[in-house]
Amino acid sequence: MSPDDLHALRFLAELQRLADPTQPAGLRITVRSADGDYIGDAILPTPGAQHAVQAVSAMADFHDRDRDLFNAGTTIDGLDPRALADLEDHFADVDPDSYLTDVFSSADAEASLAAFEQLVTGEWTGEL
């Protein structure tokens, strides 16, 4: 799996943190690799979709505010601390257990479990 595919998988895992199976679906986001290969779906309730929009909006505002400092290829450590704080605020209230159903029902449960492990523990074995 390429580094970009790993980023896509991590992005999907982050989106799935916003999922709440107790609420009706408001938005489905499909993640694909740059080559168009299917990575997975995140089904978000309306509040989760709103939080995702706010997080992307915070990054877009940062991009528009200071295009010279914004670099889409930087790591999370290279982001403006204000933008990072905004993003962390949006994801802080998500309970990781809320998306375990998605992990275990995934067509590629092994890869989903590896992404879940990385998301919850911050550790990555590099294996899928």
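Computed from a predicted model, the values in this text were never measured in an experiment.

Peer 1: I'm lost on helix α5 (residues 109-121) in this one. Help?
Peer 2: Every α-helix carries 3.6 residues per turn, so stepping three or four residues along brings you back to the same face. The terminal C-alpha atoms of α5, which comprises 13 residues, lie 18 Å apart, in line with the 18 Å expected from a rise of 1.5 Å per residue. Of the residues making up α5, those classed as buried are Ala111, Ser112, Ala114, Ala115, Phe116 and Leu119. Among the structural elements, α1 (3-16) and α4 (100-105) are those in contact with the buried residues of α5.

Peer 1: Explain the packing of α1 against α5 here, please?
Peer 2: Packing of α1 against α5 leaves a shortest axis separation of 10 Å and a crossing angle of 70 degrees. Taken together, α1 and α5 sit at an angle that is classed as roughly perpendicular. On α5, the residues touching Leu9, Arg10, Ala13 and Glu14 of α1 are Ala111, Ala115, Gln118 and Leu119. When the residues that make up the contact of α1 with α5 are grouped by side-chain class, the tally is five nonpolar, one polar and two charged.

Peer 1: What exactly am I supposed to notice about a negative patch on the surface here?
Peer 2: Taken together, the side chains of Asp61, Asp86, Glu88 and Asp89 make up a negatively charged region of the molecular surface. Ranked by residues supplied to the negative patch, first place goes to helix α3 (residues 81-91) with three residues. If you trace the backbone, Glu88 turns up in helix α3. For Glu88, a relative accessible area of 47% corresponds to the partly exposed category.

Peer 1: What am I meant to see in the environment of His51 here?
Peer 2: With respect to the secondary-structure elements, His51 resides in helix α2 (residues 46-65). A C-alpha to C-alpha distance of 9.7 Å links His51 and Asp89, two positions 38 residues apart in sequence.

Peer 1: Help me out: how do you make sense of the pattern of salt bridges in this one?
Peer 2: A side chain of one charge can pair with a side chain of the opposite charge if their charged atoms are brought near each other. For the coordinates displayed, the defined rule picks out two salt bridges. Notably, a salt bridge pairs Glu14 with Arg17, separated by 2.9 Å at the nearest N-O pair. Given the relative accessible area of 17%, Glu14 is considered buried. Under the relative-accessibility criterion, Arg17 is labelled buried at 17%. Its salt-bridge partner being Asp41, residue Arg28 comes within 3.0 Å of it at the nearest N-O pair. Of this pair, Arg28 sits in strand β1 (residues 25-32) while Asp41 sits in strand β2 (residues 38-45); the two residues are 13 residues apart in sequence, bridging distant segments of the chain.

Calculation rules
Residues numbered from 1 in each chain as written. Predicted model: local features only at pLDDT ≥ 70, side-chain atom pairs only at ≥ 80, totals over all residues. Heavy atoms only, no water. Helix = DSSP H or I, 4+ residues; strand = E, 2+ residues; numbered from the N terminus. Expected span 1.5 Å × (residues − 1). Buried < 20%, exposed > 50% of the residue type's maximum accessible area, 1.4 Å probe, protein only. Contact = heavy atoms within 4.5 Å. Axes fitted to C-alpha atoms, helices over the stretch in contact; angles between N-to-C directions. Parallel < 35°, antiparallel > 145°, perpendicular 65-115°, else oblique. Nonpolar A, V, L, I, M, F, W, Y, C, P; charged D, E, K, R; others polar. Patch = residues over 30% accessible without salt bridge, like charges linked within 9 Å, V, L, I, M, F, W, Y side chains within 5 Å. Areas by Shrake-Rupley, 256 points an atom, 1.4 Å probe, with all protein chains shown as cover. Salt bridge = Lys/Arg side-chain N within 4 Å of Asp/Glu carboxyl O. Lys, Arg positive; Asp, Glu negative; His and termini not counted. Charge placed at Lys NZ, Arg CZ, Asp CG, Glu CD.

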